[in-house]
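Topology and contacts: notes
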Amino acid sequence: MIRWLLARAYRFIRAKRDRGYWKNLKNSANGDVAFIIGNGPSLSMADLDVIHSLKIFSIASNKIYLAFDSTDWRPDFYTVADRVVW
């Protein structure tokens, strides 16, 4: 019973904290140019370097970190669709 109560309290605290995070994030890049980076075979490191040099807002997913050895570019936001990758 105590374990259940602690788990429930933790979820409540985390949800409350996360709500504030998402609220602050909303419209944070409003009006800016943005790229959503796909991790396909046509992705080139030169393209990522251009995005980095122009300081363009970008979002990338899943295993994009595999490109980090080849470029200075880093996404502004990550998305993850797979718990195993997370």
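Placed above this text is the structure.
Structural notes, computed from the coordinates. For every chain, the first residue of the written sequence is number 1, and numbering continues from 1 onward in sequence order. This being a predicted model, a pLDDT of at least 70 is required before a residue's local features are given, and a value of 80 or more before pairs of side-chain atoms are given or counted; all residues contribute to the totals for chains, interfaces and linings. Note: side-chain values were computed over all heavy atoms of the structure, leaving out hydrogens and water.

Looking now at the pairing of strand β1 (residues 34-37). Strands qualify as paired when DSSP identifies two bridges or more between them. The way it works is that DSSP assigns letters per residue, a run of H or I at least four long becomes a helix, a run of E at least two long becomes a strand, and they are numbered from the N terminus. Relative to strand β2 (residues 57-61), β1 is paired through 4 bridges, and the arrangement is parallel. Bridge pairing in β2 links alanine 34 to phenylalanine 57. Clockwise travel from the first strand over the helix to the second, with the strands pointing away from the viewer, marks a crossover as right-handed. In this view, the connection linking β1 to its parallel neighbour β2 by way of helix α2 (residues 45-53) has right-handed handedness.

With that settled, the discussion passes to the nonpolar core. For the purposes of this section, nonpolar cores are sets of buried Ala, Val, Leu, Ile, Met, Phe, Trp, Tyr and Cys residues that join through side-chain atoms within 4.5 Å. Buried means the residue's accessible area, taken with a 1.4 Å probe over protein chains only, is under 20% of the maximum for its type, while exposed means over 50%, and partly exposed covers the values in between. Core analysis: the largest hydrophobic core is formed by 9 residues, namely Ile37, Leu48, Ile51, Ile56, Ala60, Ile64, Ala67, Phe68 and Trp73. In this analysis, two residues are considered to be in contact whenever any of their non-hydrogen atoms come within 4.5 Å of each other. Contacts of isoleucine 37, omitting those with residues within four sequence positions, involve Leu43, Leu48, Ile51, Ser58, Ile59, Ala60, Ser61, Ile64 and Trp73.

On to the sheet that holds strand β3 (residues 77-79), then. If you walk across this open sheet you meet the 3 strands as β1-β2-β3, and the pairing is parallel. Each edge of the open sheet carries a strand with a single partner, namely β1 and β3. The mean angle between the axes of side-by-side strands here comes to 20 degrees, regardless of whether they run parallel or antiparallel. A fitted line through C-alpha atoms serves as each axis, taken over the contacting stretch for helices, and the angle formed by two N-to-C directions is quoted from 0 to 180°.

Among the structural elements, threonine 71 can be located in the loop between β2 and β3. For the purposes of these results, a polar contact is taken to be a pair of N or O atoms within 3.5 Å, where, inside protein, one atom must be able to donate a hydrogen and its partner to accept one; residues adjacent in sequence count only when each atom of the pair is a side-chain atom. Polar side-chain contacts of threonine 71 include one of 2.5 Å to the side chain of aspartate 49. Only 3.1 Å separates the side chain of threonine 71 from the backbone nitrogen of tryptophan 73, close enough to count as a polar contact. For threonine 71, the contacting residues outside a window of four places in its chain are Met45, Leu48 and Asp49.

Along the polypeptide, serine 28 turns up in the loop between α1 (2-25) and β1. Sequence separation of serine 28 and arginine 17 is 11 residues, and the distance between their C-alpha atoms is 18 Å.

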